[in-house]
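Residues per chain are reported as follows:
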Amino acid sequence: MKQPELGRKIIELRKDKGLTQEELVDKCNISVRTLQRIEAGEVMPRDFTIKAILAALDYDLSIIARNDSGMPQRVSEFFKELFYIDIDTERPADYLINQLNVAWIFGLLYFILGFAEAAADYFFYYKQEMIFNPTIYGILKVLILISLFFFQRGFILVGYVYQNYLLKITSYIIMFAVTLSVGHDLISVFYKPLAVEFILGAESLMFGGILIIFGVSLLRLRKPVGEVAFFAGVFEILAGACFALIITAIVGGILLIPAELFEIVVLYKVAEILKGHKPVLL
């Protein structure tokens with residue numbers, strides 16, 4: 001069931017039970033403001049919030065589930081969960097902390113796999129030879145993409161916490177750009193790449209601009225997170241500038257090594273900060 005039908009249904013059930021909004025929120029452990037917005041149809045709560053509300057109202061969740069719109073709705077909910085898009089509904093503070101810990105762990109995986117990827121791509125594009133067989137190369141690229149997604153997801157969450165919208169937007173752009181790059185690499189294994197120099201130059205220029213913007217967004221975390229965010233931002237900007245110049249792209253790749261290490265620490269530190277404050281997360 002979608003909004004605003006869900007909100008109207010909750011109002012109907014609540015009134016049938018003779019409950020005020022304050023009495024209902026006491027039963028399902030959410031704020032009055034959250035319930036008001038749900039009932040008004042302003043937000044679509046997550047599954048666990050719907051379950052908590054309906055359980056407090058003694059209503060069978062399966063009835064709501066049967067009214068779902070099917071696959072498109074499930075896909076939408078998956079992306080909401082994956083990228084924490086809907087932040088108007090309360091969540092336990094530990095949820096965000098756990099997700100940030102997952103992000104920096106995947107960041108380490110991405111960092112380690114990056115060395116194998118760099119070697120494979122160098123020999124593939126500049127020496128015209130494969131150091132891995134196509135299957136291993138494909139698996140490596142898929143792992144790179146997955147780890148990058150979860151790594152950047154961490155910065156999307158950090159962007160929500162500190163209202164750093166530039167960080168969120170740039171993280172989405174990085175995900176999209178890397179997906180295109182990985183797709184091109186995989187296709188090139190089976191089809192001879194055309195105009196390699198042009199494509200690699202275009203990628204270098206594209207990533208250069210993205211990394212510079214990403215670095216600027218990291219600099220904005222200096223006040224709440226500390227100097228580690230400053231150093232992460234500086235190295236990202238320097239790496240981006242080198243990529244943008246194209247002829248110094250190799251230097252840019254080297255500068256990404258400390259940049260990514262500092263970024264992993266940024267995610268870890270934000271998780272530790274949230275542990276100390278235990279904020280109410282929306």
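For the structure itself, consult the block above.
Here the residue numbering is sequential within each chain, running from 1 through the sequence in written order. Owing to the predicted nature of the model, reporting of local features is limited to residues with pLDDT of at least 70; listing and counting of side-chain atom pairs is limited to 80 or more, with chain, interface and lining totals taken over all residues. Based on all heavy atoms of the structure, the side-chain values leave hydrogens and waters out of the count.

A. How the structure looks around the overall build of the protein chain. Only DSSP runs of H or I covering at least 4 residues are called helices, and only runs of E covering at least 2 are called strands; the numbering of each starts at the N terminus. The helix and strand inventory of the protein chain stands at 13 helices and zero strands. Sequence-ordered secondary structure for the protein chain, helices as α and strands as β, is α-α-α-α-α-α-α-α-α-α-α-α-α. A buried classification covers 46% of the 282 residues belonging to the protein chain. Note on contacts: a residue pair qualifies if any of its non-hydrogen atoms lie within 4.5 Å across the two residues. Pairs at least 24 apart in sequence give 72% of the contacts found in the protein chain among residues at least 6 apart. Note on classification: 1.4 Å probe, protein chains only; a residue is buried when its accessible area is under 20% of the maximum for its type, exposed when over 50%, partly exposed between these limits.

B. Just the packing of helix α9 (residues 165-190) against helix α10 (residues 196-219), in detail. Taken N-terminus to C-terminus, the directions of α9 and α10 make an angle of 160°; their axes are 9 Å apart at the nearest point. The pairing of α9 with α10 is recorded here as roughly antiparallel in orientation. The two elements α9 and α10 cross, and the hand of that crossing is left-handed. Listed contacts from α10 to Leu166, Leu167, Thr170, Ser171, Ile173, Ile174, Ala177, Val178, Ser181 and His184 of α9 are Ile199, Glu203, Met206, Phe207, Ile210, Ile213, Phe214, Val216, Ser217 and Leu218. Here the term charged refers only to Asp, Glu, Lys and Arg, the term nonpolar to Ala, Val, Leu, Ile, Met, Phe, Trp, Tyr, Cys and Pro, and the term polar to all other amino acids, Gly among them. Classifying every residue of the contact of α9 with α10 by side-chain character gives 14 nonpolar, five polar and one charged. Axes here mean lines fitted to C-alpha atoms, for a helix over just the part in contact, with angles spanning 0 to 180 degrees between N-to-C directions. Throughout this description, any angle smaller than 35 degrees is read as roughly parallel, any larger than 145 degrees as roughly antiparallel, any in the 65 to 115 degree range as roughly perpendicular, and the remainder as oblique. For any pair of crossing helices, the crossing counts as left-handed if the nearer helix is rotated counterclockwise from the farther one by less than a right angle, and right-handed if it is rotated clockwise.

C. Molecular detail of the pattern of salt bridges. Each salt bridge in this description consists of a side-chain nitrogen of Lys or Arg and a carboxyl oxygen of Asp or Glu lying within 4 Å of one another. The full count for this structure, using the stated rule, is ten salt bridges. Here glutamate 42 ties to arginine 37 by a salt bridge, and the two come within 3.1 Å at their closest N and O atoms. Arginine 37 gets classed as partly exposed once you look at its relative accessible area, which sits at 22%. With its nearest N and O atoms 2.8 Å apart, the salt bridge here joins glutamate 117 to lysine 141. Separated by 24 residues along the polypeptide, glutamate 117 in helix α7 (residues 93-126) and lysine 141 in helix α8 (residues 134-161) bring together distant segments of the chain. Of the two residues, glutamate 117 and lysine 141, both sit in the buried class.

D. Highlighting the nonpolar core. The nonpolar core is taken to be a set of buried Ala, Val, Leu, Ile, Met, Phe, Trp, Tyr and Cys residues, with the residues joined through side-chain atoms within 4.5 Å. Counting 45 residues, the largest nonpolar core has Leu100, Phe155, Leu221, Val266 and Leu267 as its most contacted members. When contributions to this core are tallied by element, the ones reaching two or more residues are α7, α8, α9, α10, α12 (227-244) and α13 (249-277). Leave out the neighbours within four places in its chain, and valine 266 touches Phe155, Leu221, Val225, Val228, Ala229 and Ala232. Core analysis: the second largest hydrophobic core is formed by 18 residues, Leu6, Leu19, Val25 and Val43 among them.

E. Region of the structure containing unusual backbone geometry. If you check the backbone angles, aspartate 58 has positive phi at about 55° while not being a glycine. Here aspartate 58 shows up in the loop between α4 (47-56) and α5 (61-66). You can call aspartate 58 exposed: its relative accessible area is 62%. The phi dihedral of glutamine 128 falls on the positive side, at around 55°, and the residue is not glycine. Tracing the backbone through its elements, the reader meets glutamine 128 in the loop between α7 and α8. Looking at glutamine 128, the relative accessible area reads 61%, which means it is exposed.

F. Local environment of the packing of helix α2 (residues 21-28) against α4. Two numbers describe how α2 lies on α4: the axes approach to 9 Å, and their chain directions differ by 115°. Once α2 is placed against α4, the crossing between them reads as right-handed. Contacts from Leu24, Lys27 and Cys28 of α2 reach α4 at Ala52, Ile53 and Ala56. Here the contact of α2 with α4 is built from residues that sort into five nonpolar, no polar and one charged.

G. Molecular detail of the layout of surface pockets. Considered as a void within the structure, the largest pocket measures approximately 1500 Å³ in volume. Two kinds of site are reported from a 1 Å grid over the protein atoms alone, namely cavities, where a 1.4 Å probe fits but cannot get out, and pockets, open sets with protein on both sides within 12 Å along at least five of seven lines, and residues are called lining when an atom falls within 4 Å of a point. If you trace the largest pocket, you find 41 residues lining it, with Ala118, Asp121, Phe243, Gly253 and Leu256 closest to the centre. Listing elements by their share of the lining of the largest pocket, those giving two or more residues are α7, α8, α9, α10, α12 and α13. With ten residues, α7 is the largest single contributor of residues to the lining of the largest pocket. Taken together, the residues of the lining of the largest pocket break down into 25 nonpolar, seven polar and nine charged. Grid points are joined across faces, edges and corners, and a volume is the space filled by probe spheres set on the points.

H. Geometry of α4. Within α4, burial applies to Thr49, Ile50, Ile53, Leu54 and Ala56. The arc that holds the buried residues of α4, viewed along the axis, is 160°, so those residues lie on one side. At the C-terminal side of α4, aspartate 58 shows a positive phi close to 55°. Note: the arc covers the axis-to-C-beta directions of the helix.

I. Quick look at the packing of aromatic side chains. Stacked, tilted and edge-to-face are the three classes applied to pairs of Phe, Tyr and Trp rings, where Trp contributes its six-membered ring and a pair requires centres within 6.5 Å; stacked means planes under 30 degrees apart, edge-to-face means over 60, and tilted covers the rest. Under the defined criterion, the tally for this structure stands at twelve aromatic pairs. With a centroid separation of 5.5 Å and an interplanar angle of 85°, the aromatic rings of tryptophan 104 and tyrosine 268 are classed as edge-to-face. Placement of the pair is tryptophan 104 in helix α7 and tyrosine 268 in helix α13, with a sequence separation of 164 residues. Among the aromatic residues, ring-to-ring pairing joins Tyr110, Phe151, Phe155 and Phe214 into one connected group. Between the NZ or CZ atom of arginine 222 and the centre of the ring of phenylalanine 230, over which it lies, the distance is 4.1 Å. Charge-over-ring contacts are defined here by two conditions on Lys NZ or Arg CZ: a distance within 6 Å of the ring centre and an angle within 35 degrees of the ring normal.

In short, shape yes, function no, at least from these values alone.
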